[in-house]
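A structural walkthrough
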Amino acid sequence: MVRGKVQMRRIENTTSRQVTFSKRRTGLLKKAHELSVLCDAEVAVIIFSQKGRLHEFSSNSEKLIVECLASADLL
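Our subject in this report is the structure included herewith. (Residues numbered from 1 in each chain as written. Predicted model: local features only at pLDDT ≥ 70, side-chain atom pairs only at ≥ 80, totals over all residues. Heavy atoms only, no water.)

Our focus in this paragraph is helix H1 (residues 14-39). Here H1 is 26 residues long and its end C-alpha atoms lie 37 Å apart, about the 38 Å a rise of 1.5 Å per residue gives. Three or more residues of H1 are buried, namely Arg17, Arg25, Ala32 and Ser36. On its buried face, H1 sits against strand E1 (44-48) and strand E2 (54-58). For H1, the N-terminal capping position is held by Asn13, with its side-chain oxygen 2.9 Å away from the main-chain nitrogen of Thr15. (Helix = DSSP H or I, 4+ residues; strand = E, 2+ residues; numbered from the N terminus. Expected span 1.5 Å × (residues − 1). Buried < 20%, exposed > 50% of the residue type's maximum accessible area, 1.4 Å probe, protein only. Contact = heavy atoms within 4.5 Å. Polar contact = N/O pair within 3.5 Å; in protein donor to acceptor, adjacent residues only side chain to side chain.)

Here you go:
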């Protein structure tokens, strides 16, 4: 059985949107970790939720996250 193509648009249902965010955030952070391990790359992922919560992953250290935030003028 093949999944249907997901249309890229905002999910209007608040509960569905939160569930999707949670699942995709987890998947994205897992992929970032895999990329850092497999390719020995420095990876930093910064995600701000709709409510302004910060979720981050850094393969090296917290210093990498701070450097990324500073270079993006978010600090």
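Below, the discussion takes up the pairing of E1. A one-sided burial pattern is seen for E1, the buried positions being Val45 and Ile47 and the unburied ones Ala44, Ile46 and Phe48. Where E1 meets E2, five bridges bridge the pair, whose relative direction is antiparallel. When the sheet's bridge partners are listed, Phe48 is paired in E2 with Leu54. Linking E1 back to E2 in an antiparallel pair, the connection comprises five residues, with Gly52 at a positive phi of about 90°. (Pairing = 2+ DSSP bridges.)

Let us now look at the side chain of Arg25. Mapped onto the fold, Arg25 is located in helix H1. Salt bridges are absent for the buried Arg25, whose nearest opposite-charge side chain, Glu56, sits at 10 Å. Other than its neighbours up to four places away in sequence, Arg25 contacts Ile47 and His55. (Lys, Arg positive; Asp, Glu negative; His and termini not counted. Salt bridge = Lys/Arg side-chain N within 4 Å of Asp/Glu carboxyl O.)

Everything listed here is a matter of coordinates, which is why it stays silent on function.
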